[in-house]
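If you want the building blocks of each chain, they are given just below.
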Amino acid sequence: MHRSIYLLLLSAGLLAGNFAHAQSGVEPAAPLTLPAALALAEGGNATLSAARHELAAQGGALQQARALPNPELQTVLEDTRRATRSTTVQLNQLIELGGKRGARTAVAQRGADLAQAGLSLQQADTRAAVTSAFVDVLAAQEGLRLADSAQALAARASDITARRVTAGKASPVEETRARVAEASVRLELNLARSTLASARQRLAALWGNATPRFTLAEGRLETLPELPPASELAARMAQAPAVRQAQSALAQRQAMLDVEQRRSTPDVTLSIGMKRSEELGRNQAIIGLALPLPLFDRNAGNKLDALRRSDKASDELAAARIAVQTAVAAASERLATARLDVESLRQDILPGAQSAYDAASKGFEFGKFAFLDVLDAQRTLLQAKNQYLRALTEAQHAAADIERLLGTPAPL
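Residues numbered from 1 in each chain as written. Predicted model: local features only at pLDDT ≥ 70, side-chain atom pairs only at ≥ 80, totals over all residues. Heavy atoms only, no water.

In terms of regular secondary structure, the chain is built from ten helices and four strands. Ordered by position in the sequence, the α and β elements of the chain form the string α-α-α-α-β-β-α-α-α-α-β-β-α-α. Computed over C-alpha atoms, the radius of gyration of the chain comes to 36 Å, more than 25% over the 22 Å expected from 2.2 N^0.38 for 412 residues, which places it beyond the range of a compact globule. Principal-axis analysis of the C-alpha atoms gives the chain an extent of 135 × 45 × 40 Å. Taking all 412 residues of the chain together, 40% fall into the buried category. By sequence separation, contacts in the chain at least 24 residues apart represent 79% of the contacts at least 6 residues apart. Of the roughly 21700 Å² of accessible surface on the chain, a fraction of 55% belongs to carbon and sulfur atoms. Within the chain, one finds 47 positive and 42 negative side-chain charges whose respective centroids are separated by 4 Å. (Helix = DSSP H or I, 4+ residues; strand = E, 2+ residues; numbered from the N terminus. Rg over C-alpha atoms; globule rule 2.2 N^0.38 Å. Buried < 20%, exposed > 50% of the residue type's maximum accessible area, 1.4 Å probe, protein only. Contact = heavy atoms within 4.5 Å. Areas by Shrake-Rupley, 256 points an atom, 1.4 Å probe, with all protein chains shown as cover. Lys, Arg positive; Asp, Glu negative; His and termini not counted. Charge placed at Lys NZ, Arg CZ, Asp CG, Glu CD.)

So this is what it looks like as structure tokens:
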């Protein structure tokens, strides 16, 4: 499916130049292709950058988790009189037992995996957002073209009506209707311009540019994406970004539970030092061993907390799988319906509406039809064209949603 969305959607002639320009991080003041837009968002999207920083931060957490406990230098002075004073200097070293350091490192590693899964999820969301916004710009451009075409049709109808009124073959009321219809179409044209400006801004905002510089979006909405087979969808859903993120979160929670369980094994503090007795005039070696007694705190609360949070993460993984399956099924149904609508409009409705308008327009010009017939045929034709545009846009949006959910990388 990604070929349909990312390759067949595009005009091939400008891919290489725009993509090379976008790799520099600068939005080109030229026609923009989808790969160029994706490259700009890859380098300039703030949310994506934040996810990368989170992954880099997890590298620091992993480094810290691997660190050994620092030794402790202790000095004890007994008595303030010099003749009877004794001074003790010793070095204390905590020795972690029960595999605590390895378990702590595993938690940090699972945290890095979770951050990587979060980055993959954000990359899929960003690609889908750019694709949808790019499709919206293409649709808005086509909507503006349709509005221009509608204005031309309305102006032509007004001219024909004016000539018929001048020749005494039509009522002035029909000319008034034609002028009102033309004014209404001009309002639609202004709305189409505003819609295009908003779509351009939404697209450029995805790479942090408040003012779009590209001149137009280059692509083809008419190329419909294909719906993948059910077997392929099922296989890809198991590796969906949201599912992988939930799996990483569960693995991290299980590692945290392992840490809390290993804390039941007490750590040992080894002490080595020397004691100087001024009264005796000699030095004494000191060797000590400290072992905490788990009489009051057996870490039961932390174990229960970690266990329940692991259970919660397991339930969230099951919920994520169901959510992805449901969302993919809904998007697939939207895509299938939109494809049927496009085919019906393309093969039956649009040709019929165009034929009816041509016949009504020519018949009115020769006095065989009333102007209301022309208006009705023109309205029907414009509605069919707008329905066709909406169906094309819906198909592309549904395909982009499927790719967002399944997380297939864009073939740049």
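Right, picking up where we left off after that structure.
A few words on the pattern of salt bridges. Overall, the coordinates contain 21 salt bridges when judged by the stated rule. Put simply, Asp 113 and Arg 110 hold a salt bridge, and the shortest N to O gap is 3.1 Å. Here Asp 113 and its partner Arg 110 are both found in helix α5 (residues 100–166), three residues apart, which amounts to about one turn of the helix. For Asp 113, a relative accessible area of 29% puts it in the partly exposed group. Since its relative accessible area comes to 25%, Arg 110 is described here as partly exposed. Where Arg 334 meets Asp 401, a salt bridge forms, and the shortest distance between an N and an O atom there is 2.8 Å. Taken together, the positions of Arg 334 in helix α9 (residues 300–365) and Asp 401 in helix α10 (residues 371–406) put the pair 67 residues apart, joining distant regions of the chain. Among the charged side chains, a salt-bridge network with shared partners connects Arg 334, Glu 394, Asp 401 and Arg 404. (Salt bridge = Lys/Arg side-chain N within 4 Å of Asp/Glu carboxyl O.)

Formed by 71 residues in total, the largest nonpolar core has its most connected members in Leu 32, Val 130, Leu 203 and Trp 207. Here Trp 207 is in contact with Glu 27, Leu 32, Ala 37, Leu 40, Ala 41, Gly 44, Asn 45 and Phe 214, once residues within four sequence places are set aside. (Core = buried A, V, L, I, M, F, W, Y, C linked by side-chain atoms within 4.5 Å.)

To continue, consider the confidence of the model for the chain. On average, residues of the chain score 86 in pLDDT, and 92% of them are at 70 or above. Ranking the helices and strands of the chain by mean pLDDT puts helix α8 (residues 241–262) first, with 95, and helix α2 (residues 15–23) last, with 44. Low pLDDT, under 50, characterises residues 2–24; the predicted model gives this stretch 63 contacts beyond four residues in sequence or across chains. (pLDDT = per-residue confidence, 0-100.)

A separate point is the sheet that holds strand β4 (residues 282–290). Strand pairing in a sheet is mediated by backbone hydrogen bonds. Such pairs are either parallel or antiparallel. Strand order in the open sheet formed by four strands is β1-β2-β3-β4, with antiparallel pairing between adjacent strands. With one partner strand each, in any of the chains shown, β1 (72–78) and β4 form the two edges of the open sheet. For this sheet the average axis-to-axis angle between neighbouring strands, irrespective of direction, equals 20°. The pairing of strand β2 (residues 86–95) with strand β3 (residues 268–277) spans ten bridges and is classified as antiparallel. Its bridge partner being in β3, Gln 93 is matched across the sheet by Leu 270. (Pairing = 2+ DSSP bridges. Axes fitted to C-alpha atoms, helices over the stretch in contact; angles between N-to-C directions.)

Another aspect to go through is the packing of aromatic side chains. With the rule as written, the count across this model stands at zero aromatic pairs. A cation sits over an aromatic face here: Arg 200 above Phe 214, 4.4 Å from the ring centre. (Phe/Tyr/Trp six-rings, centres within 6.5 Å; stacked < 30°, edge-to-face > 60°. Lys NZ or Arg CZ within 6 Å of the ring centre and 35° of its normal.)

Attention now moves to unusual backbone geometry. Even without glycine at this site, Asn 299 takes up a positive phi of about 65°. The topology assignment puts Asn 299 in the loop between β4 and α9.

If you check α9, its first and last C-alpha atoms are 91 Å apart, about what 66 residues at 1.5 Å a residue would give, namely 98 Å. At Leu 345, α9 shows its strongest bend, of approximately 45°. Downstream of α9 by a residue or two, Gly 367 has a phi angle that is positive, lying close to 80°. (Expected span 1.5 Å × (residues − 1). Bend = angle between axes of the 7 residues up to and from the residue.)

The next thing to look at is helix α4 (residues 46–65). Across its 20 residues, α4 extends 29 Å between first and last C-alpha, which sits within 8% of the 28 Å expected from 1.5 Å per residue. All buried positions along α4 are accounted for by Leu 48, Ala 51, Gln 58, Leu 62 and Ala 65. Down the axis, α4 shows its buried residues gathered within 85° of arc, on one side only. Summarising the geometry of α4, the exposed residues directed more than 90 degrees from the buried face are Ala 46, His 53, Ala 56, Gln 63 and Gln 64. Against the buried residues of α4 lie α3 (34–44) and α5. (Arc of directions from axis to C-beta.)

Moving on, we get to the environment of Ala 36. Mapped onto the elements of the fold, Ala 36 is located in helix α3. With 219 residues separating them along the chain, Ala 36 and Ala 255 place their C-alpha atoms 41 Å apart.

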